[in-house]
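# Residue-level structural notes
Below, each chain spelled out in residue letters.
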Amino acid sequence: MKRFVLVLLLVIAATSLIAAQDIKLGGVGPVTGEAATFGVSTKNGMTLAVEEWNAKGGVFGGRKVKLIFEDDKGDPAEGATVYTKLIQQDQVTAIVGTVMSKVTLAGAPIAQAAGIPMISPTSTNEKVTLVGDYIYRACFIDPFQGTVGANFAFKDLKAKKAAALFDIGNDYTKGLAENFKLTFEKLAGKNSVVAFEGHPSGATDFKAQLTKILAGKPDVLYVPDYYNDVGLIAKQARELGFKGPMVGGDGWDSPDLVKIGGTAVENGFFTNHYSSADSRAIVKEFVKKYQAKFGAEPDALAALAYDATYIMLDAIKRAGSTKGSAIRDALKVTKLDVVSGKVTFDANRNPIKAAVIIEIKGGKQVYKTTVNP
Ligand code: PHE
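The notes below deal with the structure included here.

Calculation criteria
Residues numbered from 1 in each chain as written. Predicted model: local features only at pLDDT ≥ 70, side-chain atom pairs only at ≥ 80, totals over all residues. Heavy atoms only, no water. Pairing = 2+ DSSP bridges. Helix = DSSP H or I, 4+ residues; strand = E, 2+ residues; numbered from the N terminus. Axes fitted to C-alpha atoms, helices over the stretch in contact; angles between N-to-C directions. Contact = heavy atoms within 4.5 Å. Expected span 1.5 Å × (residues − 1). Buried < 20%, exposed > 50% of the residue type's maximum accessible area, 1.4 Å probe, protein only.

Next up on the list: the sheet that holds strand β2 (residues 65–71). Pairing is parallel across the open sheet formed by five strands, whose spatial order is β2-β1-β3-β4-β5. This sheet does not close on itself; its edge strands, each paired only once, are β2 and β5 (135–137). Averaged over neighbouring strand pairs, the angle between their axes works out to 25° when direction is ignored. Relative to strand β3 (residues 94–96), strand β1 (residues 23–29) runs parallel, the two sharing three bridges. When the sheet's bridge partners are listed, Leu25 is paired in β3 with Ala94. Taken strand by strand, helix α4 (residues 101–114) contacts β4 (118–120) and β5, and its axis lies near 165° from that of β4. Each of β1, β2, β3 and β4 is contacted by helix α11 (residues 300–319), which is oriented at about 160° to β3, the strand it contacts most.

What follows is the structure in structure tokens.
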């Protein structure tokens, strides 16, 4: 009897030891706020990936993953708060997040200073990974995305004159507009960008800027903004008589774009990270599993959050350790085939990946083409 009790106590002790050794993974995304569909998709993608890893028996040594997800509300100050909370209070091993470049730029210095490896699924602004050697991302960067958009406008849409409207308080939209302008002017000539207008963050009336823009008679309007702004801008541009095509970036990717913009976003095209119509087996499998679990088609945010989680857990597995520096070193030599493509990192911790161009047609996203780097 004594022996039995001893064995029982040992089993209980061992079980709690293993449970205590769950690897804590921080997740961050904007589940509420100006672009809430981004956060919902992101959280879903991470949750699915973590479940799959746990079902396979964990990361290493039987250690499972505990995802601790925080809402950054799409706000840089809130982002800084949740990064600090995850690192200091929860003592996470690593962070997958966050979505918007302006918020990631507030969180990344906190992770870097604490030596906590992080990977943003979707922040495309060039400055993000330049914060330091612990900061990675799972997506291409805006100098590439802007170039693809400009090439498409010039070569496919045959635009000779372009105009851009962007959010002056948002690193992503401002940076992407600049990247577009640079390439378009190289292709179409020096004064081919006839208007380059900024609007304040949170604006809902864009008529003053659009009137100025339309006076220059652009063939194409570049709108590198998030879907909520894009929907309103498109409506107002059409009201003012603009009939030409509009081109944008990954920030258009939301089921709410068409809900807000209606028919105004038709003849709209945007660069994105992935298409659910991709015929690769890994994509089909992911779309099937995601649909079964969440009852929705996964957008690029869901795919990249899923991928980023795989990339981070793969690095922790190869490191065989929860030590920040060991994970950082393992991330550096990542070689993984994920939903959004093959991933290896360049010297600035950016993956080199293809972009897809999506057209809004009949209220739906239609895959047009893939552009390799
Ligand atoms: N690339 C955007 C940013 O850096 C975020 C985003 C990615 C939004 C993908 C939608 C889809 O702010």
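And the narrative resumes.
What follows concerns the sheet that holds strand β8 (residues 220–222). One open sheet accounts for seven strands, arranged β7-β6-β8-β9-β10-β13-β14; its pairing is mixed. Both edges of this open sheet fall to β7 (193–199) and β14 (364–371), since each of them pairs with a single strand only. Across this sheet, the average inter-strand angle for adjacent strands is 20°, counted without regard to direction. In this sheet, β14 lies alongside strand β13 (residues 355–361) in antiparallel orientation, the contact comprising seven bridges. Residue pairing in the sheet places Ile360 in a bridge with Gln365 of β14. Packed on one face of the sheet, helix α6 (residues 171–188) meets β6 (162–167), β7 and β8 and runs near 165° to β6.

Let's shift gears to α11. Look at α11: 28 Å from first C-alpha to last across 20 residues, which is about the 28 Å you get at 1.5 Å a residue. The buried fraction of α11 amounts to 17 of the 20 residues, a majority that puts the element mostly inside the structure. Residue Gly320 follows α11 closely and has a positive phi angle near 60°.

Treat this as a map of the structure, not an account of what it does.
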